[in-house]
2 protein chains.
Amino acid sequence: METVSENRAFGGVQGVYRHGSEACGCDMTFGLFLPEEARDGPVPVLWYLSGLTCTHENAMVKAGAQGWAAEQGIALVFPDTSPRGEGVADDEAYDLGQGAGFYVNATQAPWAAHFRMWDYLAEELPALVGGAFALDMERQAITGHSMGGHGALTLAMRLPGRFASVSAFAPIAHPTQSDWGRKQLGAYLGDDGWEAHDATLLMQERGFDGPVLVDQGSEDQFLDLLKPEALAEAMAARRQEGVFRMQKGYDHSYFFVSSFMEEHLSFHAEALYAR
Amino acid sequence: METVSENRAFGGVQGVYRHGSEACGCDMTFGLFLPEEARDGPVPVLWYLSGLTCTHENAMVKAGAQGWAAEQGIALVFPDTSPRGEGVADDEAYDLGQGAGFYVNATQAPWAAHFRMWDYLAEELPALVGGAFALDMERQAITGHSMGGHGALTLAMRLPGRFASVSAFAPIAHPTQSDWGRKQLGAYLGDDGWEAHDATLLMQERGFDGPVLVDQGSEDQFLDLLKPEALAEAMAARRQEGVFRMQKGYDHSYFFVSSFMEEHLSFHAEALYAR
């Protein structure tokens, strides 16, 4: 693993690291914020999964999470959203291929060779960061924005016991019934396995064994694609422990994400430190 | 004036606006964060001047100021760092021309036609925003990063009574004695008037009639160009009310800026609300 950069931030260190990924068959880059407390021993971890077109960097510089993570003594991991590189398949559309991995293991050509973001995030990257940094892998939580909210919710529900809590900012909530989902699931998976990557269907079928927090802006320009009402209905119908909040006037931007980041960090800290 | 965008953020609005500038002879763009309190009446204003290569946008999305401004009920203005456009002179170097206005009124060709950032920030933009938005122009403060720290300090000292307080993150502190300064002051001003744009010389000569806060990272990669020791010496020698802080381990990045933004907002709020 190679250190791309390390910047002192909020008493800790914001690092960027690159490594050869077995799951993705290419080099992958991620950001990691370690609070000051990591000098003295392992600290809890919050995963932040990003949305369409993002790299590891966008949330790292725009979501305003490090200050609150420092206050809570929690590390942040900012993975990339897809495999990347010259040998990696891509598409001209912003919402397919590089920058748009959708957190699945692709089975279809030309994607199957590299697009294995599920394995990368469920197995490879946790093992890598858990071995290399002072992280308490018994205390993990996960969040994400848009496509990353979809990833956070699906990983949390399909890996019971892994995460103490899950939250999402404007997640793609019902991709099997949306143009943000049907196109990509079809391309990556063909006709099979879609239901394993739909937060609403997973909520209906199994739910999450811990608290859930979802924030959604009422003026989000992508409401028709996100379908938050399907997830809200599924959460309530299941009696899922958690909160779904419609935030009046907010849109889909990082200004929305950063506005509520403090509350998401507090939410996860409570669950992480109760473990 | 044209609205480029408006995003709800921290209970208020982060806007971006464009207007024809008389001072600069071109269209200029700026960011303005208005906290919720601005609905009920004028709120105090903190100006944030940015560094080399930045537009109005960098600090707006990376400095993490809006949350703290919202908490304090203070508006933020994010001006651009130079005139811009096809008809505006430029240079291949990152530190001259567009993106590098240095907050002066140029007197030399080819810069004199548009590069009048001093007049733009001392007169035109305050009048514009004061007339168009719910801002209490009797309560202004100013801050900035790097070249913007230079701009904040020089504007504050040369406009006594205008600002309640001034702060700076890693300012270009002594440009008449630095390669970040001699090149640009020579290009824009020729041989005259340099001393009016050097924070250290102004501190020696007149100081500031209010509190000053300066933060500088000890691992800043540009320490030789910034010359913080000259400003620290001048502040102490003058018995200037204020604080100069050397922050161990921090570099020149926005991670440094955002790490101390809360304290700068608190510092300015105390001075603004005492007016």
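Since the model is a prediction, treat every value here as computed from it, not as a measurement.

With that settled, the discussion passes to the UniProt feature "active site" (unreviewed entry) in chain A. Residues and elements named next belong to chain A. Following the UniProt record, the feature "active site" (unreviewed entry) maps to S146, D220 and H252 here. These annotated residues cover 107 residues of sequence, and their C-alpha atoms lie no more than 10.8 Å from one another, placing them together at a single site. By the element assignment, D220 lies in the loop between β8 (212-217) and α7 (223-226). Discounting residues that sit within four places of it in the chain, D220 has contacts with A170, L226, Y250, D251 and H252. Overall, H252 belongs to the buried group, its relative accessible area being 8%. Leaving out residues up to four positions away in the same chain, H252 has contacts with H145, S146, A170, W180, D220, Q221, F222 and L226.

The next subject is the pairing of strand β3 (residues 26-34) of chain B. Residues and elements named next belong to chain B. β3 sits mainly inside the fold: eight of its nine residues count as buried. As defined by bridge partners, strand β2 (residues 12-21) adjoins β3 across nine bridges and the pair is classed as antiparallel. Looking at β3, one finds that V13 is bridged to L34. Counting the residues between successive antiparallel strands, the hairpin from β2 to β3 contains four residues, one of them, G25, with a positive phi of roughly 65°. Relative to strand β5 (residues 75-79), β3 is paired through four bridges, and the arrangement is antiparallel. In the strand pairing of β5, G31 is matched with F78.

Looking now at the relation of the copies chain A and chain B. Placing chain A over chain B gives an RMSD of 0.0 Å and needs a rotation angle of 180°, together with 0.0 Å of translation along the axis. Both copies of the chain, as the preceding transformation shows, are related through a two-fold rotation axis. Among all C-alpha atoms of chain A, that of K62 of chain A lies closest to the rotation axis, at 2.7 Å. Both copies share a contact surface, since 100% of the interface residues of chain A are interface residues in chain B too.

Listed as interface residues are 21 residues of chain A and, on the opposing side, 21 residues of chain B. Each partner contributes to the roughly 1,600 Å² buried at the junction of chain A and chain B, and carbon and sulfur atoms together form 59% of this total. Interface area lost by chain A to chain B is led by R8, F10 and F255 of chain A, which between them contribute 39%. Linking chain A with chain B are zero salt bridges, by the criterion used here. For the pair chain A and chain B, the number of links is twelve residue pairs in polar contact (both at pLDDT 80 or more). Elements with a minimum of two residues in the side of chain A that touches chain B: β1 (2-9), α1 (57-62), α2 (66-72) and α9 (254-274) of chain A. A class-by-class count of the residues in the side of chain A that touches chain B yields eight nonpolar, eight polar and five charged.

What counts, and at which threshold
- Residues numbered from 1 in each chain as written.
- Chains lettered and ligands numbered in written order.
- Predicted model: local features only at pLDDT ≥ 70, side-chain atom pairs only at ≥ 80, totals over all residues.
- Heavy atoms only, no water.
- UniProt positions renumbered as here; feature names shortened; annotations may be inferred.
- Helix = DSSP H or I, 4+ residues; strand = E, 2+ residues; numbered from the N terminus.
- Contact = heavy atoms within 4.5 Å.
- Buried < 20%, exposed > 50% of the residue type's maximum accessible area, 1.4 Å probe, protein only.
- Pairing = 2+ DSSP bridges.
- Least-squares fit on C-alpha atoms with pLDDT ≥ 70 in both.
- Buried area = accessible area lost by both parts, 1.4 Å probe.
- Salt bridge = Lys/Arg side-chain N within 4 Å of Asp/Glu carboxyl O.
- Polar contact = N/O pair within 3.5 Å; in protein donor to acceptor, adjacent residues only side chain to side chain.
- Nonpolar A, V, L, I, M, F, W, Y, C, P; charged D, E, K, R; others polar.

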